[in-house]
Every structure is written in C-alpha cells, then in structure tokens.
Amino acid sequence: MASNLTVTSLFNVNGIVAVVTGGGSGIGLMITKALVANGAHKVYIVGRRKETLEEAARAISLDVVIPMPGDVASRESLLELAEQVRSDVGYVNLVVANAGIMGPRPLKTAPGEPTPTISEYRAHALKTPMEDFTQTYAVNTTGVYYKLGYIVSGSIGFPAAVINTTH
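Where an unreviewed UniProt entry is consulted, the protein chain appears under the name NAD(P)-binding protein, with the organism given as Polyplosphaeria fusca. The protein chain has a UniProt comment under Sequence similarities (unreviewed entry) that states "Belongs to the short-chain dehydrogenases/reductases (SDR) family."

Have a look at this one:
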C-alpha cells in the first residue's frame, strides 16, 4: 500500500493552522483538542462567548489555541476574524465550520403519548416567529458560505481544506 494512504499521512495535522468555529464547546472543543494533541501549529477558535473561548484556550494551550470572539452570522465580524488570522500567520490550512444553532423546536410528544394531529402541528408551527428560522439559516448556512469566502480567501497558494459539521 502506498505510504500516503496511511492513517498518519491521511490525517496528519502537524504544523497546520486551523480555524474552528464553535471551537470553545461541544464538538468544536473536541476537534480543537484533537488538532492540538496531534501537532497543529495554531488553532483559532471562534464563538460568541469570549469567556468560554478563553477558558478553552487556557485548558488546552495558550501557545497554540487562540480565542477569537466573533459572530459567524455577521459579515463584519468574519472580516475582522479573517484579518486577525492573516496578520498573525498569513494563511489557513483548515477551516472547521462547526458553529451552529438548533433553531425552532419541533413539536414532540412524550413517549406513549399519541402523535400530534395536523391541526396541533400547524398551531405549534405558526407560533414560531419567522425570525427564529432566519437566524438559524444565518448561522448554519449563510455563515458557512461567508466563512469560506473571507477566511479561506487569505490562503491563496497554501493547501486548504474545509470541514462542515453544522446541520
């Protein structure tokens, strides 16, 4: 078997620069820990909660993990984040588009309860403000599109990869 198909070759992150949105908690935090444990040079973690990001960086490595408070649903915020990475290291090898929100909750029943009727579902759905759906798409879809445009655009000439974990 060719040596470039080994696990260590295929999943090698040694020396890379990564940006992980939602990197301060949940799946993003685990991705950040895995990148650092496997030799990433810098991992920029993006999220709305500054304290959560700073706590994650302290717990993992202040030399490698760089907290960047920001909002992936804001064009201005993404431009600022991209500029910070550009001025710090000049490129990105990996963007993990992990930030995401659940959005409006579907109508659920307790185990053993009857399935809701169409009328009950309709009433529940119409109570949900349209802004809730709009915000969900702004983070989970539009944010991913613009992350790629702003963050990866500074990586011309460098190998870059994108992983999307949002739903």
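Assigned secondary structure in the protein chain consists of six helices and five strands. Reading the protein chain from its N end, one meets helices and strands in the order α-β-α-β-α-β-α-β-α-α-β. Looking at the 167 residues of the protein chain, the share that counts as buried comes to 37%. Pairs at least 24 residues apart make up 67% of the contacts formed inside the protein chain by residues separated by at least 6 positions. For the protein chain, the accessible area works out to roughly 10200 Å², and carbon and sulfur atoms hold 58% of it.

A few words on the nonpolar core. The biggest cluster of nonpolar side chains holds 17 residues, and the ones touching the most others in it are Ile16, Val20, Leu35, Val43, Ile45 and Leu94. For this core, the secondary-structure elements that each account for two or more residues are β1 (17–21), α2 (26–37), β2 (42–47), α3 (50–60) and β4 (94–97). Ignoring anything within four residues of it in the chain, the contact list for Leu35 reads Val13, Ile16, Ala18, Val20, Ala40, Val43 and Leu94. Ile66, Val95, Ala99 and Val139 belong to the second-largest nonpolar core, a separate cluster that totals 15 residues.

Right, let's get into α2. Taking 1.5 Å of rise per residue, the twelve residues of α2 would be expected to cover 16 Å, and the 17 Å separating its terminal C-alpha atoms lies within 8% of that figure. Residues of α2 that are buried: Gly28, Leu29, Thr32, Leu35 and Val36. Down the axis, α2 shows its buried residues gathered within 125° of arc, on one side only. Turned more than 90 degrees away from the buried face of α2 sit Gly26, Ile27, Met30 and Ala37, all of them exposed.

Looking at where Ala97 falls in the secondary structure, it is placed in strand β4. The exposure class assigned to Ala97 is buried, which follows from its relative accessible area of 0%. Linking Ala97 and Thr141, residues 44 residues apart in sequence, is a C-alpha distance of 9.9 Å.

Here we take up the pattern of salt bridges. Enumeration according to the criterion identifies two salt bridges in this entry. Here Glu54 makes a salt bridge to Lys50, at a shortest N to O gap of 3.9 Å. You can see Glu54 and its partner Lys50 sitting in helix α3, four residues apart, about one turn around the helix. The exposure class of Lys50 is partly exposed, given its relative accessible area of 43%.

What follows covers the environment of Thr8. With respect to the secondary-structure elements, Thr8 resides in helix α1 (residues 7–10). The exposure class assigned to Thr8 is exposed, which follows from its relative accessible area of 66%. As a C-alpha pair, Thr8 and Asn38 span 30 residues in sequence and 10.0 Å in three-dimensional space.

So, how was this worked out
- Residues numbered from 1 in each chain as written.
- Predicted model: local features only at pLDDT ≥ 70, side-chain atom pairs only at ≥ 80, totals over all residues.
- Heavy atoms only, no water.
- UniProt positions renumbered as here; feature names shortened; annotations may be inferred.
- Helix = DSSP H or I, 4+ residues; strand = E, 2+ residues; numbered from the N terminus.
- Buried < 20%, exposed > 50% of the residue type's maximum accessible area, 1.4 Å probe, protein only.
- Contact = heavy atoms within 4.5 Å.
- Areas by Shrake-Rupley, 256 points an atom, 1.4 Å probe, with all protein chains shown as cover.
- Core = buried A, V, L, I, M, F, W, Y, C linked by side-chain atoms within 4.5 Å.
- Expected span 1.5 Å × (residues − 1).
- Arc of directions from axis to C-beta.
- Salt bridge = Lys/Arg side-chain N within 4 Å of Asp/Glu carboxyl O.

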